[in-house]
Amino acid sequence: AQSVTQPDIHITVSEGASLELRCNYSYGATPYLFWYVQSPGQGLQLLLKYFSGDTLVQGIKGFEAEFKRSQSSFNLRKPSVHWSDAAEYFCAVGANEKLTFGTGTRLTIIP
Amino acid sequence: DAGITQSPRHKVTETGTPVTLRCHQTENHRYMYWYRQDPGHGLRLIHYSYGVKDTDKGEVSDGYSVSRSKTEDFLLTLESATSSQTSVYFCALARSQNNEQFFGPGTRLTVL
């Protein structure tokens, strides 16, 4: 069965600083990988996805993620965060018509 | 936007009562899912459906049942609600077999 680990429960960054959120997965075959964002009181919004091909994928809101098979990782990055990026971020791995989610990373932005 | 609505959006009920949550879609997506979200656990799959009358269990299915009698509606039932089922429940749709899912706005359920 697949699993996802997000090792950082909470991250605080200054507005304008760069961001990297970590995600490690466990799955025996080539995974489908996703990042979702959830603002307080809202549902989940898809940021980006990786199915195959180029290992650097671009998403919405200026986010990107890089798939590294050798490290079983799919880290999310943004070069310069905005106050509106404050939210919770979930990494997920897809297999057998189901998604398995990590426990999430809460991002706080300070002025 | 996949056109997903959930009802009710908020509900408070008492232990031992039955509760049904509804997920409705306006598009003809084959796959529908029910998750619960709890602090420290992320989202956990309760049940899912891969077609009308075709459903399967997820990782936290105990105490829940589902039904899908038509493509657009996926119902989640708590036969006898318990306080441990206090949670936020999300419905999701998959437009393809590649597991990309789109989520509804959620239902906050409180069991007293």
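Below you will find a few notes about this structure. (Residues numbered from 1 in each chain as written. Chains lettered and ligands numbered in written order. Predicted model: local features only at pLDDT ≥ 70, side-chain atom pairs only at ≥ 80, totals over all residues. Heavy atoms only, no water.)

**Some remarks on the packing of aromatic side chains**
The description of an aromatic ring pair rests on the distance of the ring centres and on the angle between the ring planes. According to the stated counting rule, one finds 16 aromatic pairs over all chains in the structure shown. When the centroid spacing of 5.7 Å and the interplanar angle of 50° are considered together, the rings of Phe-63 of chain A and Tyr-89 of chain A count as tilted. Of the two residues, Phe-63 of chain A sits in the loop between strand E7 (56–58) and strand E8 (64–68) while Tyr-89 of chain A sits in strand E10 (residues 87–95), which places them 26 residues apart along the sequence. Of the two residues, Phe-63 of chain A and Tyr-89 of chain A, neither departs from the other in class, the shared state being buried. By the ring-pair criterion, three or more aromatic residues cluster together here, those being Tyr-32, Phe-34, Tyr-36, Phe-51 and Phe-101 of chain A together with Tyr-33, Tyr-35, Tyr-48, Tyr-50 and Phe-103 of chain B. (Phe/Tyr/Trp six-rings, centres within 6.5 Å; stacked < 30°, edge-to-face > 60°. Helix = DSSP H or I, 4+ residues; strand = E, 2+ residues; numbered from the N terminus. Buried < 20%, exposed > 50% of the residue type's maximum accessible area, 1.4 Å probe, protein only.)

**A short note on the layout of surface pockets**
Of the pockets and cavities examined, the largest pocket occupies roughly 590 Å³. Lining the largest pocket are 29 residues, and of these Gln-38 and Glu-88 of chain A together with Gln-37, Pro-39 and Arg-108 of chain B lie nearest its centre. If you list the elements that add at least two residues to the lining of the largest pocket, you get E10 and strand E12 (105–110) of chain A together with strand E4 (31–38), strand E9 (87–94) and strand E11 (107–111) of chain B. Classifying every residue of the lining of the largest pocket by side-chain character gives 10 nonpolar, 14 polar and 5 charged. (1 Å grid on protein atoms, 1.4 Å probe; cavity = no way out; pocket = protein on both sides within 12 Å on 5 of 7 lines; lining within 4 Å. Points joined across faces, edges and corners; volume = space filled by probe spheres on them. Nonpolar A, V, L, I, M, F, W, Y, C, P; charged D, E, K, R; others polar.)

**Some words on the nonpolar core**
Across soluble globular proteins, nonpolar side chains have a tendency to be buried as a group. All names here are of chain A. Of all hydrophobic cores here, the largest spans 26 residues; its most connected members are Leu-19, Trp-35, Leu-47, Leu-48, Phe-74, Leu-76 and Tyr-89. Among the secondary structure elements, those contributing two or more residues to this core are strand E2 (10–14), strand E3 (19–21), strand E5 (32–38), strand E6 (44–50), E8, strand E9 (73–78), E10 and E12. Per-element accounting of this core gives the leading share, 4 residues, to E10. In contact with Tyr-89, other than residues within four places in its own chain, are Gln-6, Leu-21, Trp-35, Tyr-36, Val-37, Leu-47, Phe-63, Leu-76, Gly-104, Thr-105 and Leu-107. (Core = buried A, V, L, I, M, F, W, Y, C linked by side-chain atoms within 4.5 Å. Contact = heavy atoms within 4.5 Å.)

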